[in-house]
Amino acid sequence: RIVHATLPLASKNPLTMIRNIGRLKRLIRRHQVDIVHVRSRAPAWSAWYACKATGARYLTTFHGTYGHRGPFKKAYNRIMTRGKRIIAVSQHIAQHLKDIYSVSETKIKTIHSGFPLKGFDPQQVTPQRLVNQAQAWRLPEEKLIIMIPGRLSRWKGQAFILDALSQVSRSDFFCVFVGKAATGSTYGRKLEDMVRDMGLTEKVRFVGNCEDMPVAYLLADLVISSSLEPEAFGRVMAEAGAMGRPVLASDIGGAQEIVVPGETGWLYQAQNHADFLAHLDTAMNLNIPERKRMAVTARSRITAHFSLEQMQQKTLAVYQDLLSNDGA
């Protein structure tokens, strides 16, 4: 039986967080809850005290590195490490828990983030969807299409990409940036200015958000993830792989667990233009048989390791472990 209860758990207001303790205690007792699984810091504080009062098992999923500079931030984050078990969404996050919070390896269970592969299946994409999206983006024909998906943000590295592209002399490619800047941010305008000043207007286009990402990936010959800081997981890379597209990514964070160099894509030294350009040249010169081989390998790997079903099964196994061993 599934019951959905709406509470103001996103609030960081101390009074609201205190009231949420009582609300959660009542829910736990009313529905005889055995496990409380929290996935964010503000509700984690309320859930921790509610679990202590009721005896429910407290479980957390650590989704990111969070900001941890300064004692207050680190203490605030530490609530996510108090679970009987802690699910880390990648090996990168698992190592972060050990390094920054001194969490014992026995408490950590790495379960990679999964997504519904059924929606990311090349066989399910109709030709008309491809034509519609290509026309909407005004993609040039007979050009190698490079796609950089993700919110326009400094740490995502779009400026790094433009700097690198300005050094590429060949003209047989077209680069599509998919995503928007946050409301009020001037970063998107800065990127557009860079494109103009670097003479890239015939090679680069910003298309905003896309409602049909499976089609977007299929339109690309290469997908780039250029994060300047480690991604906790990196869903873009997994989605691209599921659609059979090679990925060029910076060699930090979750990318190292998703991209297999030479088999499903390439990893370059983060923020190193020379290394990026060397791998970009390799990617741009792939022949058709090599592309087909990479596509099969990439989809096979993503299907085997990053499906929603696998994530669900592994999470349920953690629940069973808590119930059977009480987190011992």
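Source: prediction; values computed, not measured.

Reading the values: rules and limits
- Residues numbered from 1 in each chain as written.
- Predicted model: local features only at pLDDT ≥ 70, side-chain atom pairs only at ≥ 80, totals over all residues.
- Heavy atoms only, no water.
- Helix = DSSP H or I, 4+ residues; strand = E, 2+ residues; numbered from the N terminus.
- Rg over C-alpha atoms; globule rule 2.2 N^0.38 Å.
- Contact = heavy atoms within 4.5 Å.
- Areas by Shrake-Rupley, 256 points an atom, 1.4 Å probe, with all protein chains shown as cover.
- Lys, Arg positive; Asp, Glu negative; His and termini not counted.
- Charge placed at Lys NZ, Arg CZ, Asp CG, Glu CD.
- 1 Å grid on protein atoms, 1.4 Å probe; cavity = no way out; pocket = protein on both sides within 12 Å on 5 of 7 lines; lining within 4 Å.
- Points joined across faces, edges and corners; volume = space filled by probe spheres on them.
- Nonpolar A, V, L, I, M, F, W, Y, C, P; charged D, E, K, R; others polar.
- Pairing = 2+ DSSP bridges.
- Axes fitted to C-alpha atoms, helices over the stretch in contact; angles between N-to-C directions.
- Core = buried A, V, L, I, M, F, W, Y, C linked by side-chain atoms within 4.5 Å.
- Buried < 20%, exposed > 50% of the residue type's maximum accessible area, 1.4 Å probe, protein only.
- Polar contact = N/O pair within 3.5 Å; in protein donor to acceptor, adjacent residues only side chain to side chain.

Engineer: So what exactly am I meant to see when it comes to the overall build of the protein here?
Structural biologist: A count of helices and strands for the protein gives 13 helices and 10 strands. Since a compact globule built from 328 residues should have a radius of gyration of about 20 Å, the 22 Å found for the protein is in line with a globular shape. Structurally, the protein occupies a C-alpha span of about 65 × 40 × 35 Å along its principal axes. At a minimum sequence separation of 6, the contacts of the protein that also span at least 24 residues come to 69%. For the protein, the exposed surface amounts to about 16700 Å²; the carbon and sulfur share of it is 50%. A distance of 13 Å separates the average location of the 44 positive side-chain charges in the protein from that of its 27 negative side-chain charges.

Engineer: What is the right way to read the layout of surface pockets from this model?
Structural biologist: Sizing a probe to match a water molecule and rolling it over the atoms shows the empty space that remains. In this structure, the largest pocket occupies an estimated 850 Å³ of space. Where the lining of the largest pocket is concerned, the elements lending two or more residues are α1 (14–30), β1 (35–38), α2 (41–54) and α13 (308–325). Among the elements that line the lining of the largest pocket, the one with the most residues is β1, at four residues. Partitioned by chemical class, the residues of the lining of the largest pocket number 17 nonpolar, three polar and two charged. The calculated volume of the second largest pocket comes to roughly 340 Å³. Put simply, the parts of the chain that give the lining of the second largest pocket at least two residues each are β5 (144–149), β8 (222–225) and α9 (235–242). Broken down by class, the residue content of the lining of the second largest pocket amounts to seven nonpolar, six polar and five charged.

Engineer: Honestly, the sheet that holds strand β7 (residues 204–208) in this entry has me stumped. Any pointers?
Structural biologist: Picture the strands of a sheet paired through backbone hydrogen bonds; they go either parallel or antiparallel. Strands sit in the order β7-β6-β5-β8-β9-β10 across an open sheet of six strands; the sheet is parallel. The open sheet has two free edges, formed respectively by β7 and β10 (265–268), since each of these has just one partner strand. On average, each strand axis in the sheet is tilted by 20° relative to the strand beside it, whichever way the strands run. Two elements, strand β9 (residues 247–250) and β10, share four bridges in a ladder whose sense is parallel. Bridge pairing links Ala-249 to Leu-267 in β10.

Engineer: How do you make sense of the nonpolar core when you look at a structure like this?
Structural biologist: Buried together is how nonpolar side chains tend to be arranged in soluble globular proteins. Among the nonpolar cores identified, the biggest contains 64 residues, and Leu-97 and Trp-137 are the most heavily contacted of them. Among the elements that make up this core, the one with the highest residue count is α2 (seven residues). Aside from chain neighbours lying at most four places away, what touches Leu-97 is Phe-62, Thr-81, Ile-86, Ala-88, Ser-102, Val-103 and Ile-108. Core analysis: the second largest hydrophobic core is formed by 32 residues, Ile-161, Ala-164, Phe-276 and Ala-283 among them.

Engineer: Quick question: what am I supposed to make of the environment of Asp-193 here?
Structural biologist: Along the polypeptide, Asp-193 turns up in helix α7 (residues 187–197). Taking C-alpha positions, Asp-193 is 27 Å from Val-247, a pair spaced 54 residues apart along the chain. A distance of 3.1 Å separates a polar atom in the side chain of Asp-193 from a polar atom in the side chain of Arg-196.

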